[in-house]
Amino acid sequence: MEQGGIELIQVEELRADFGADDHGGWFCVRTDPFPCPANGCDFVAEFMTAAHLILVWELRDDPNLLRHAERAKQVGRNPRVTSYVRSFGPSASYYAWEAAGRPVHAVRGK
Ligand SMILES: [Zn+2]
């Protein structure tokens, strides 16, 4: 579980970087549960996430949102575009995530 502790700290750092805003009224993509692809990580996402943060888009017809949802559909994740509410969990703006170099897990790239 030591690894889990380390990851938590890094998620907090990432959140400070690009997840700080309240994204109420933005849109996210709910999916069937799928495990984090990182080796040894037992996080299970029920949304399209990056570094365990729910990715949110400002517009529900954002081409990037549609592209990611289409990809999720192709791999059987049953994506549904949903209005984001805070109780879903911490969020990250897709645009800020992309600007941060698209980290897929809570480990920061150098
Ligand atoms: Zn993970």
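What counts and what doesn't
Residues numbered from 1 in each chain as written. Predicted model: local features only at pLDDT ≥ 70, side-chain atom pairs only at ≥ 80, totals over all residues. Heavy atoms only, no water. Helix = DSSP H or I, 4+ residues; strand = E, 2+ residues; numbered from the N terminus. Buried < 20%, exposed > 50% of the residue type's maximum accessible area, 1.4 Å probe, protein only. Contact = heavy atoms within 4.5 Å. Phe/Tyr/Trp six-rings, centres within 6.5 Å; stacked < 30°, edge-to-face > 60°. Lys NZ or Arg CZ within 6 Å of the ring centre and 35° of its normal. Pairing = 2+ DSSP bridges.

**Q** When you look at the overall build of the chain in this model, what are you seeing that I'm missing?
**A** Broken down by element type, the chain carries 3 helices and 6 strands. What you see in the chain, going N to C, is helices and strands ordered as α-β-β-β-β-α-β-β-α. By the burial criterion, 40% of the 110 residues in the chain qualify as buried. The contacts of the chain with a sequence gap of at least 6 include a subset with a gap of at least 24, amounting to 72%.

**Q** I'm lost on the environment of tryptophan 57 in this one. Help?
**A** On the secondary structure map, tryptophan 57 appears in the loop between strand S4 (53–56) and helix H2 (63–74). C-alpha of tryptophan 57 to C-alpha of cysteine 28: the two residues are 29 residues apart in sequence and 6.4 Å apart in space.

**Q** Can you walk me through the packing of aromatic side chains in this structure?
**A** Aromatic ring pairs are described here by two measures, namely the spacing of the ring centres and the angle between the planes. The full count for this structure, using the stated rule, is 6 aromatic pairs. Consider the rings of tyrosine 94 and tyrosine 95, whose centres lie 6.0 Å apart with planes at 85°: the pair is edge-to-face. By relative accessible area, which is 0% here, tyrosine 94 ends up buried. With relative accessibility at 32%, the residue tyrosine 95 sits in the partly exposed group. Joined through ring pairs, the aromatic side chains of Trp26, Trp57, Tyr94, Tyr95 and Trp97 make up one cluster. Residue placement shows arginine 30 over the ring face of phenylalanine 88; its charged tip is 5.1 Å from the ring centre. Between the NZ or CZ atom of arginine 77 and the centre of the ring of phenylalanine 34, over which it lies, the distance is 3.4 Å.

**Q** I'm lost on the sheet that holds strand S6 (residues 91–93) in this one. Help?
**A** Pairing between the strands of a sheet is mediated by backbone hydrogen bonds and can be parallel or antiparallel. In spatial order, the strands read S3-S4-S6; together these 3 strands make up an open sheet with mixed pairing. The two strands at the open ends of the sheet, each matched to only one other strand, are strand S3 (49–50) and S6. For S3 and S4, the ladder comprises 2 bridges, and the chain directions are antiparallel. Note on S4: the bridge partner recorded for alanine 50 is leucine 53.

**Q** Could you clarify how one ought to interpret unusual backbone geometry in this entry?
**A** Excluding glycine, a negative phi dihedral is what most residues carry, and trans is how most peptide bonds are arranged. Despite not being glycine, histidine 52 has its phi angle at roughly 70°, a positive value. Along the chain, the position of histidine 52 falls in the loop between S3 and S4. Relative accessible area serves as the criterion here: at 12%, histidine 52 is assigned to the buried category. Positive phi, normally seen in glycine, also occurs at asparagine 78, with a value near 50°. Mapped onto the elements of the fold, asparagine 78 is located in the loop between H2 and strand S5 (80–83).

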